[in-house]
Amino acid sequence: MGGHEGLSDGIRDALALDGDVQAIKRYYEGWADDYDEDVGAERYALPDEVARLLDQVARQDAGEPIDGLTIDPGPPDPSILDVGCGTGLIGVRLTHSGYRTIDGVDLSPAMTERAATRGCYRNLRSGVDITAPLPDDLLAAADIVIVGGVFTVGHVPPSALAAVAAMTRPGGLLLVTTRVQYYEETDYQAVSDRLEADGTLSLLTVNRDRPYTLDSDGHFWAYLVNRPPEI
């Protein structure tokens, strides 16, 4: 499922972005008011799949080894950082699952303004570009970092995987989604492999070819962050 037939104009145009940070920011500033309606029309399954993956690695398997690794997501109420939070759809889904300490960051102020109306985020911050050097206070910032819908066509390069790993406390969990087309057309797998090889990450599981949007499936990745990456 790699074509974009039948998509709303908003999603189709988003997938046509060329990775330019300022162009992406401008686009999402203008899309914020219609975003929820557009993605809702596309059977946007990503938030449910993220929550399912989080339950899989942080709850059902808590304290039990996965591929020889024991998962320790931190305290009973772990801190979660939703990177690229948009209008807050993942935050809403996680709140329904019982998570309470959720922060969000995004490139677009208009998106975080919409997310604030959800009432499920402790703190929200805009202007965060994960392709640029990160502020010190976003390093090792949460027990669980979730990056949903960011590693997608026309947006950030796979090299940004190191940045989101750096936002996760050592010993914490990093959950990442990749649209299938993005995975197939980029070196995401090679970047992931390098971060595993150098000891930064351990891949716990990947749920491949799961529902994402109307036109595409996605891969849903869960990593244990062993140590801060070199960025």
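Residues numbered from 1 in each chain as written. Predicted model: local features only at pLDDT ≥ 70, side-chain atom pairs only at ≥ 80, totals over all residues. Heavy atoms only, no water.

Asker: Provide a residue-level description of the sheet that holds strand β8 (residues 201–213), including the pertinent values.
Answerer: Within the open sheet, the seven strands sit side by side as β5-β4-β3-β6-β7-β9-β8. Their pairing is mixed. A strand with exactly one partner marks an edge of an open sheet, and here the two such strands are β5 (123–125) and β8. Strand-to-strand twist in this sheet, taken as the mean axis angle between neighbours without regard to direction, amounts to 15°. Where strand β6 (residues 142–151) and strand β7 (residues 168–179) come together, six bridges link them in parallel fashion. Counterpart to I146 in the pairing with β7 is L175. (Pairing = 2+ DSSP bridges. Helix = DSSP H or I, 4+ residues; strand = E, 2+ residues; numbered from the N terminus. Axes fitted to C-alpha atoms, helices over the stretch in contact; angles between N-to-C directions.)

Asker: I'd like a description of helix α5 (residues 109–116), backed by residues and values.
Answerer: Considered for burial, the residues of α5 that qualify are A110, M111, T112 and A115. For α5, the capping residue at the N-terminal end is S108, with a side-chain oxygen 3.3 Å from the backbone nitrogen of A110. (Buried < 20%, exposed > 50% of the residue type's maximum accessible area, 1.4 Å probe, protein only. Polar contact = N/O pair within 3.5 Å; in protein donor to acceptor, adjacent residues only side chain to side chain.)

Asker: Give me the lowdown on the state of the cysteines, citing residues and values where you can.
Answerer: Here the structure, examined in full by the defined rule, presents zero disulfides. Of all cysteine sulfurs, the one in C120 lies closest to C85, which takes part in no disulfide; the gap is 9.1 Å. Overall, the relative accessible area of 6% leaves C85 in the buried class. (Disulfide = S-S within 2.5 Å.)

Asker: Please give an account of the pattern of salt bridges that cites residues and values.
Answerer: Tallied over the full model, the rule gives seven salt bridges. Two residues, R125 and D137, come together in a salt bridge whose shortest N-O distance is 2.8 Å. Remark: D137 occurs in the loop between β5 and β6 and R125 occurs in strand β5; sequence separation between them is twelve residues. For R169, the salt bridge is made with D143, and the minimal N-O distance between the two is 2.5 Å. (Salt bridge = Lys/Arg side-chain N within 4 Å of Asp/Glu carboxyl O.)

Asker: Residue-level account of the pairing of strand β9 (residues 216–225), with values.
Answerer: Most of β9 sits inside the fold, with nine of its ten residues counted as buried. In terms of strand pairing, β7 meets β9 through seven bridges, oriented antiparallel. Within β9, the residue paired with T178 across the bridge is H219. Across nine bridges, the pairing between β8 and β9 is antiparallel. Paired with R210 across the two strands is G218, which belongs to β9. In this structure, the hairpin formed by β8 and β9 is closed by a connection of two residues.

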